[in-house]
Amino acid sequence: MIRTLVVDDDFRVSHIHCDYVSRVEGYDVVGRVATVAEALTAVRTLSPDLLLLDVFLPDGSGLEVLRQLSGDEGGARPDAIMITADRDITSVRSAMKLGVVGYVVKPFRSTDLAERLTAYREFQCRMDVLGRAAETSQTDVDALFSATRPPTVPRVPTKGHSAPTLALLHETLRATAPEALSAAEAAERTGVSRATAQRYLSYLVREGVVRLELRYGLAGRPEHLYRIIH
């Protein structure tokens, strides 16, 4: 379970955030606080894995929470997703420099937060798997850097194409990353025909979200493989 601390000075809003988090598989809310001081104390006593952190707090900025925690000796700073009405580019840049894994601007839909929480959970799973290896590949590194971003499904290309089918194939490749799939393998996993899978995968390649790779065998034409990019 990903232990999550909600930091927001609006009691009603923090309650809603807690409710959102509790609906996402793999998450546990360990507390909610309303100030910079309370957040610093809660992190040091509750040891959360993730902060849902507002910028505007009564006694300072949520960004200051991250700055102070980064200066703690011997303490591992939790990751953070900023949830705030602050649209100032300076705040966004500061958050990026402090290593936040997400920035959600209020108001937002519950699905917006759920997508980011799901992406963060997948990131942690990948880290756990790769943590057992002595070294990693460029593909693994690329997958890690893109893992915390929620998926962006391309627009449906033309009449006669299905948005759910496009989303299904896109999500199937995301779920199998960093592995690549052939059109036949993608068809088997999604239940569509090989020809349909080939058509949609080719479109995803043209849109720049999937990379086409060639696997050469002992004889004959090379096999086309498809690997998610982001």
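Structure: above.
Residues take numbers from 1 onward in each chain, read along the sequence in its written order. Note on the predicted model: pLDDT of at least 70 is required for a residue's local features to be given, and 80 or more for side-chain atom pairs to be given and counted; whole-chain, interface and lining totals, by contrast, use all residues. As a rule here, side-chain values come from all non-hydrogen atoms in the structure, and water together with hydrogens is ignored.

(A) Molecular detail of the pattern of salt bridges. Whenever a carboxyl oxygen of Asp or Glu lies within 4 Å of a side-chain nitrogen of Lys or Arg, that contact is scored as a salt bridge. Considering all chains together, one arrives at 10 salt bridges under this definition. One salt bridge connects R67 with E64, and the closest N-O pair in it is separated by 3.5 Å. Of the two residues, R67 and E64 both sit in helix α3 (residues 62–70), 3 residues apart, roughly one turn of that helix. A single salt-bridge network, built from bridges that share partners, covers D8, D54 and K106. Runs of E in the DSSP output that reach at least two residues are strands. Runs of H or I that reach at least four are helices, and both are numbered from the N terminus.

(B) The nonpolar core, seen in detail. Take the buried residues of types Ala, Val, Leu, Ile, Met, Phe, Trp, Tyr and Cys, join any two whose side-chain atoms come within 4.5 Å, and each joined set is a nonpolar core. Relative accessibility under 20% of the residue-type maximum defines a buried residue, over 50% an exposed one, and the middle range a partly exposed one, all with a 1.4 Å probe and only protein chains included. With 22 residues, the main nonpolar core has L5, V7, L51, L53, V65, L66 and M82 as its most contacted residues. Sorting the residues of this core by element identifies β1 (2–7), α2 (36–46), β3 (50–53), α3 and β6 (79–84) as the ones contributing at least two each. Looking at this core, the element that brings in the most residues is α2, giving 5 residues. Grouped together as the second largest cluster of nonpolar side chains are 18 residues, V24, L113, L117 and Y120 included.

(C) Inspection of the packing of aromatic side chains at higher detail. The criterion for an aromatic pair is that two Phe, Tyr or Trp rings (for Trp, the six-membered ring) have centres within 6.5 Å, with stacked assigned to planes under 30 degrees apart, edge-to-face to planes over 60 apart and tilted to the rest. Tallied over the entire structure, the rule returns 2 aromatic pairs. Pairing Y20 with F108 gives two aromatic rings, centres 6.3 Å apart and planes at 70°, and the pair type is edge-to-face. Here Y20 is found in helix α1 (residues 11–22), whereas its partner F108 is found in the loop between β7 (102–105) and α5 (110–130), with 88 residues between them in sequence. Arranged with centres 6.1 Å apart and planes meeting at 35°, the rings of Y120 and F123 form a pair that is tilted. One end of the pair is Y120 and the other is F123, both in helix α5 and 3 residues apart, which spans about a single turn.

(D) Examining the pairing of strand β2 (residues 27–33) more closely. Strands qualify as paired when DSSP identifies two bridges or more between them. Note: β1 against β2, 6 bridges, orientation parallel. Looking across to β2, one finds that V6 is bridged to R32. Handedness of the β1-α1-β2 crossover: right-handed. Crossovers are marked right-handed if the path from the first strand over the helix to the second runs clockwise, as seen with the strands pointing away from the viewer.

(E) View of helix α9 (residues 194–207). One less than the number of residues in a helix, times 1.5 Å, gives the span that helix is expected to have. Look at α9: 20 Å from first C-alpha to last across 14 residues, which is about the 20 Å you get at 1.5 Å a residue. All of the buried residues along α9 are T196, A197, Y200, L201, Y203 and L204. Along the axis of α9, the buried positions cluster into a sector of 155°, meaning they face one direction only. Projecting away from the buried face of α9 at angles above 90 degrees are the exposed residues A195 and R206. An arc is given here, and it is the one of the directions from the helix axis to the C-beta atoms.

(F) The arrangement of the sheet that holds strand β9 (residues 210–215) in detail. Judged by pairing direction, the sheet is antiparallel, and its 3 strands sit side by side in the order β8-β10-β9 without closing on themselves. On the outer flanks of this sheet lie β8 (181–182) and β9, each paired with one strand and no other. Should any heavy atoms of two residues lie within 4.5 Å, those residues are considered in contact. Lines fitted to C-alpha atoms define the axes, with helix axes restricted to the stretch in contact, and inter-axis angles between N-to-C directions lie between 0 and 180 degrees. Sheet strands touched by helix α7 (residues 163–176): β8, β9 and β10 (223–228). Its angle to β10, the strand with the most contacts, is close to 85°. Each of β9 and β10 is contacted by α9, which is oriented at about 55° to β10, the strand it contacts most.

(G) The arrangement of the side chain of T165 in detail. With respect to the helices, strands and loops of the structure, T165 is situated in helix α7. If near-sequence neighbours (up to four positions away) are discounted, T165 is found in contact with V192, T196 and Y200.

(H) Inspection of the environment of T118 at higher detail. Assignment of secondary structure puts T118 in helix α5. Along the chain, T118 and V24 lie 94 residues apart, while their C-alpha atoms are 7.3 Å from each other. Ignoring anything within four residues of it in the chain, the contact list for T118 reads V24 and Y27.

(I) Region of the structure containing the sheet that holds β1. Sheet architecture is open: 5 strands sit in the order β2-β1-β3-β6-β7, paired in parallel fashion. Of all the strands in the sheet, just β2 and β7 have a single pairing partner and so form its edges. Across the sheet, the mean angle separating the axes of adjacent strands is 20° when strand polarity is ignored. Packed onto the sheet, α1 meets β1, β2, β3 and β6 and runs at close to 170° relative to β2. Against the sheet, α3 makes contact with β3 and β6, and its axis sits at roughly 150° relative to β3, the strand it touches most.

Honestly, that's just the spatial picture; any functional story needs more than this.
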